[in-house]
Amino acid sequence: MDENQEPQKTKDEILSQFEKRDGKYIHKLLEKIEFGSETITEFELQTPKAKHIRNMPQKPGMDAVLKIVGKLAGQPDKVIDELSMEDVNILAEYFGAFS
């Protein structure tokens with residue numbers, strides 16, 4: 001491991017950042033998103049399953065990960081496009097915890 005690199009977090013460490021409600025993981029957005037007349041302050045994330053990654057490339061780039069995060073959160077691309085980079089990093093880490 002590179003001396004400047006942080007040690008990899010375990011799945012449990014990553015998931016401990018999220019509240020669990022009704023079988024879904026809740027991510028409270030660090031920056032709210034205004035979408036039409038709606039203000040989005042949190043995402044309710046499903047647990048990733050095979051159906052979410054069916055068309056994903058073997059080595060997914062950020063676009064593929066964001067599409068999957070959108071599916072897991074039930075949010076359209078236009079909402080996902082407005083995520084802060086901090087929220088993107090947390091949500092990508094969430095998805096990665098299951099791979």
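In case you missed it, the structure is sitting above this.
Predicted model, so just to flag it, every value in this text is computed and none were measured.

Student: I tried to follow the layout of surface pockets on my own but got confused; where do I start?
Tutor: Over the atoms, a rolling probe the size of a water molecule traces out where space has been left empty. Size it by volume and the largest pocket reaches roughly 230 Å³. Here the lining of the largest pocket gets five residues from one element, more than from any other, and that element is helix H5 (residues 85-96).

Student: What is the right way to read the packing of helix H3 (residues 62-73) against H5 from this model?
Tutor: Think of two packed helices as two axes; the pair is described by the angle between the axes and how far apart they sit. For the pair H3 and H5, interaxial distance at closest approach is 10 Å and the crossing angle is 80 degrees. The angle between the axes of H3 and H5 places the two elements in the roughly perpendicular class. Between H3, through Met-62, Val-65, Leu-66, Ile-68, Val-69 and Leu-72, and H5, the contact on the second element is made entirely by Val-88, Leu-91, Ala-92, Tyr-94 and Phe-95. Of the residues belonging to the contact of H3 with H5, the class tally is 11 nonpolar, no polar and no charged.

What counts as what
- Residues numbered from 1 in each chain as written.
- Predicted model: local features only at pLDDT ≥ 70, side-chain atom pairs only at ≥ 80, totals over all residues.
- Heavy atoms only, no water.
- 1 Å grid on protein atoms, 1.4 Å probe; cavity = no way out; pocket = protein on both sides within 12 Å on 5 of 7 lines; lining within 4 Å.
- Points joined across faces, edges and corners; volume = space filled by probe spheres on them.
- Helix = DSSP H or I, 4+ residues; strand = E, 2+ residues; numbered from the N terminus.
- Axes fitted to C-alpha atoms, helices over the stretch in contact; angles between N-to-C directions.
- Parallel < 35°, antiparallel > 145°, perpendicular 65-115°, else oblique.
- Contact = heavy atoms within 4.5 Å.
- Nonpolar A, V, L, I, M, F, W, Y, C, P; charged D, E, K, R; others polar.

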